[in-house]
Amino acid sequence: MSRFCVAGSLNIDLVTRTKRFPKKGETVQGESFSTFTGGKGANQAVALSKLGAETVMTGKLGNDIYAAQYMEYFRKLGISTEGITREETSTGIAVITVDENGENSIIIIPGANGRVSAEYIKEKNELIAKADFLLLQLEVPMEAVLEAAKIANSAGTRIIFDPAPAGDVPSELLKLADIITPNETEAEALTGIRPDDQTGFEAAGKALTAKGVKAAVMKAGSRGAYIYQNGRLIHAEGFKVNTVDTTAAGDTFNAGLAYALGEGMALRAAVRFANAAAAISTTKHGAQDGMPSLNEVQGLLEG
Ligand code: RIB
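The name an unreviewed UniProt entry assigns to the chain is Ribokinase, from the organism Geovibrio thiophilus. UniProt annotates the chain under Subcellular location (unreviewed entry) with the comment "Cytoplasm". Comment text from UniProt for the chain, heading Function (unreviewed entry), reads "Catalyzes the phosphorylation of ribose at O-5 in a reaction requiring ATP and magnesium. The resulting D-ribose-5-phosphate can then be used either for sythesis of nucleotides, histidine, and tryptophan, or as a component of the pentose phosphate pathway."

Written out as structure tokens, the structure reads:
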């Protein structure tokens, strides 16, 4: 059985549902308000564990009531918390608005996530080195992400890098990643090419691999994903489901991809598995509540 390490963020998501996003300067009345566990790193760890994977997470929580709840929740899910430390600050917060189409906009306040340093990651190096796969995102400081990638690379741990949220990424990190998984916005931030259609995805994939990543798996929402590897583009169709909230669909995709590769699937089959997992995750509200079990993913794949 493969082992997975996630190095990244843990957030508490403060979620407002509304019919439509307010325009600049406008006030609209919302439908509901809820608090969920979230954070791109924690979401990927939770999705892995729901699929039945052996998962350890490294990151930081604050000194508030949320932190204790988060630790308890991870223990219940069987996610190892040996790599999580609490800091004298607030837990990371994400202020999220979800509209009636399930689309979201997010503001994050890093809190303890901002204290994950390269030094801290070095202390936790064994967790990364012992894993078969390392999952990375960009909600903790870049120096920590880079350090984790270096440790993984020298230990032979495969790196699945989610360049989210969108921003600049050092070329050293791109060269260390085995698979990069940007959505359209992130691919554009990294390459300057907006991949709206097949030609755009091909150009973006080519540009990404030219920067040194071994394979680009570009997420395209309900359209599924595009794989660019060895100079060839392949489209893996998305699954039709009743979407209510797309928050963390990308995180569930990455966890599904890692899980499937860990089970020995080829990249194309693993992306199909990831598409199914991500689709199911959008059928419930909140980042983590809709994340599927292995049976649920298999059900959608076979159905
Ligand atoms: O990817 C979704 C996540 O982004 C949310 O859970 C929120 O915490 C933000 O980090």
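A. Examining the pairing of strand β9 (residues 158-161) more closely. Strand direction decides the pairing type here: strand β8 (residues 133-136) and β9, joined by four bridges, are parallel. Paired with Leu134 across the strands is Ile159, a residue of β9. Remark: the β8/helix α5 (residues 142-155)/β9 crossover connection has right-handed handedness. Both β9 and strand β10 (residues 179-180) contribute to a ladder of two bridges, which runs parallel.

B. Spatial organisation of the pairing of strand β6 (residues 92-98). The buried count for β6 comes to five of seven residues, which makes it a mostly enclosed element. By the bridge criterion, seven bridges tie strand β2 (residues 11-17) to β6 in an arrangement that is parallel. Opposite Ile12, over in β6, you have Ile93 as the bridge partner. Here six bridges tie β6 to strand β7 (residues 104-109), and the two strands are oriented antiparallel to one another. Looking at β7, one finds that Val95 is bridged to Ile107.

C. Main features of the sheet that holds β8. Read across the open sheet, the nine strands follow the order β5-β4-β1-β8-β9-β10-β11-β12-β13; overall the sheet is mixed. Every other strand in the sheet has two partners, leaving β5 (80-86) and β13 (232-236) as the edge strands with one partner each. Docked against the sheet, α5 engages β1 (3-7), β8 and β9, running at close to 165° with respect to β8. Contacts between helix α9 (residues 249-262) and the sheet are confined to β1, β8, β9, β10, β11 (215-219) and β12 (225-229), with β8 contributing the most and set at about 170° to the helix.

D. Summary view of the pattern of salt bridges. Inspection of the entire model under this criterion finds 12 salt bridges. Linking Glu87 and Lys60 is a salt bridge whose minimum nitrogen-to-oxygen distance equals 2.8 Å. Of this pair, Glu87 sits in the loop between β5 and β6 while Lys60 sits in strand β4 (residues 54-61); the two residues are 27 residues apart in sequence, bridging distant segments of the chain. The pair formed by Glu87 and Lys60 is uniform in burial state, with each residue classed as buried.

E. Spotlight on the UniProt feature "domain: Carbohydrate kinase PfkB" (unreviewed entry) in the chain. The UniProt record annotates "domain: Carbohydrate kinase PfkB" (unreviewed entry) at residues 2-293. Split by type, residues 2-293 is 36% helix and 25% strand. Its first and last C-alpha atoms lie 17 Å apart.

F. Structural context of the site of the ligand. Inspection of the region around the ligand gives 14 residues, with Asp13, Gly39, Lys40, Glu139 and Asp251 positioned closest. Here Asn11 contributes a side-chain N or O atom positioned 3.1 Å from an oxygen atom of the ligand. Contact distances for the ligand include 2.8 Å between an oxygen atom and a backbone N or O atom of Gly39. Contributing elements (two or more residues each) for the shell around the ligand: β2, α1 (40-50), β6 and β7.

Definitions and cut-offs
Residues numbered from 1 in each chain as written. Predicted model: local features only at pLDDT ≥ 70, side-chain atom pairs only at ≥ 80, totals over all residues. Heavy atoms only, no water. UniProt positions renumbered as here; feature names shortened; annotations may be inferred. Pairing = 2+ DSSP bridges. Helix = DSSP H or I, 4+ residues; strand = E, 2+ residues; numbered from the N terminus. Right-handed = clockwise from strand over helix to strand, strands pointing away. Buried < 20%, exposed > 50% of the residue type's maximum accessible area, 1.4 Å probe, protein only. Contact = heavy atoms within 4.5 Å. Axes fitted to C-alpha atoms, helices over the stretch in contact; angles between N-to-C directions. Salt bridge = Lys/Arg side-chain N within 4 Å of Asp/Glu carboxyl O. Near = heavy atom within 4 Å. Polar contact = N/O pair within 3.5 Å; in protein donor to acceptor, adjacent residues only side chain to side chain.

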